[in-house]
Structure formats: C-alpha cells, structure tokens
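# Tertiary structure, described
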Amino acid sequence: MTDKELIEAALDARQMAYTPYSGFAVGAALLAKDGRVYTGCNIENAGFTPSNCAERTAIFKAVSEGNKDFAKIAIVGGKAGSEPDSMTPPCGVCRQVMREFCDPDSFEIIAAISVDDYVTYTLEQLLPEGFGPSNLGK
Ligand code: THU
C-alpha cells in the first residue's frame, strides 16, 4: 500500500461523510501494520458533541475488529461537494486517540490535498510530550 493509494482510500471514504451542520467533509484511511486498511469519515450529530471525526471513526473501526497496530493514516478534508483545497490536520482529540495506540516516533500522519500534494508528520511532531499509556504505567 503506497501513500498515494492510502490517500485514494481516504478520498473515497470522504464521500460517505455525514456533515449537515459544518458542511466540511473529511475522510481518513488507516494502514495497519498487517497491511489492512480501515477507512472512516466524519459523522455529525444534531447534538453536536456526539459528532465523530473521520480519524476516530477509522481507528475505532480497527480496534473494534481486533486490530491495534498501526503504521500510518491519511487524512483529506474540505467543503462537502468540492475537492479538498487545503490540508486537514487532525484535531487534538484525534491526536490523543492516536497516542493511545500508535508509537509517537514512527506513526505517520499524512495530511493531503490530493495524491500528489501532501505533507507527512510523525505523531510526535503533532503531539509533542503527549500523555499516553506509559504515564499510567501501561
Ligand atoms: N473533522 C474531522 O473529521 N477531522 C479532522 O481532523 C478535523 C475536523 C470534522 C469534525 C466536524 O465534523 C468537521 O470536520 C468540522 O470541524
């Protein structure tokens, strides 16, 4: 699975975004170390707080199916109905969820506009000095 293929999967997942309130559609594709890919979209709610980001949808799908070892995630976002025109970095809550399951130094976060235009960060770059399982002795 190349980075471009992972971005393609995120773009496909973005088509499923449910965004009646923000009109901002996000797609994510999470690559597990075993090669499996889990996709997600953002799913909003009239109560606002129950809304879920694309990244967490993908991660929770994977964990709920027994997979917790992840290599990288690709993220694309933008106005629903239009092609993305800027990068969508993960929100703070999603960074914290990544911190639970992913190695900060090796897990890669790909913020993409298209398959040809993207930036790759490590989780440590986006969540430096994060609080994780080891802080609780796990
Ligand atoms: N959103 C995501 O799904 N992922 C991000 O990384 C940033 C924000 C969603 C949440 C909400 O449904 C919409 O984008 C606007 O914030």
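About the thresholds
- Residues numbered from 1 in each chain as written.
- Predicted model: local features only at pLDDT ≥ 70, side-chain atom pairs only at ≥ 80, totals over all residues.
- Heavy atoms only, no water.
- Buried < 20%, exposed > 50% of the residue type's maximum accessible area, 1.4 Å probe, protein only.
- Helix = DSSP H or I, 4+ residues; strand = E, 2+ residues; numbered from the N terminus.
- Contact = heavy atoms within 4.5 Å.
- Core = buried A, V, L, I, M, F, W, Y, C linked by side-chain atoms within 4.5 Å.
- Near = heavy atom within 4 Å.
- Polar contact = N/O pair within 3.5 Å; in protein donor to acceptor, adjacent residues only side chain to side chain.
- Areas by Shrake-Rupley, 256 points an atom, 1.4 Å probe, with all protein chains shown as cover.
- 1 Å grid on protein atoms, 1.4 Å probe; cavity = no way out; pocket = protein on both sides within 12 Å on 5 of 7 lines; lining within 4 Å.
- Sits in = over half its atoms within 2 Å of the grid points.
- Nonpolar A, V, L, I, M, F, W, Y, C, P; charged D, E, K, R; others polar.

The next point concerns helix H2 (residues 54-64). The periodicity of an α-helix, 3.6 residues per turn, causes residues three or four positions apart to be oriented the same way. When H2 is considered as a whole, its buried residues turn out to be Ala 54, Glu 55, Arg 56, Thr 57, Ala 58, Ile 59 and Ala 62. Buried residues in H2 make contact with strand E1 (24-32), strand E2 (37-41), strand E3 (70-79) and helix H3 (92-101). Just downstream of H2 lies Gly 66, where phi reads positive at about 95 degrees.

Okay, the nonpolar core next. Within the largest apolar cluster, 21 residues are counted, with the highest numbers of intra-cluster contacts made by Leu 30, Phe 70, Ile 73, Met 98, Phe 107, Ile 109 and Leu 123. Of all the secondary structure elements, the ones that give two or more residues to this core are E1, H2, E3, H3 and helix H4 (123-126). Apart from the residues within four sequence positions on either side, Leu 30 is in contact with Leu 6, Arg 36, Val 37, Tyr 38, Ala 58, Ile 59, Ala 62, Phe 70, Lys 72, Ile 73 and Phe 107.

With that settled, consider the site of the ligand. All residues in the neighbourhood of the ligand are listed as Ser 22, Phe 24, Val 26, Asn 42, Glu 44, Cys 53, Ala 54, Glu 55, Thr 88, Pro 89, Pro 90 and Cys 91. With respect to the ligand, the side chain of Glu 44 contributes an N or O atom lying 2.5 Å from an oxygen atom. For the ligand, an oxygen atom lies 2.5 Å from a polar atom in the side chain of Glu 55. A total of 370 Å² of accessible area belongs to the ligand in isolation, and the protein chains cover 77% of it. A molecule is said to occupy a pocket when more than half its atoms come within 2 Å of that pocket's grid points, and by this definition the ligand occupies the largest pocket. Going through the elements one at a time, E1 and H2 are the ones with two or more residues in the shell around the ligand. Residues belonging to the shell around the ligand are distributed by class as follows: seven nonpolar, three polar and two charged.

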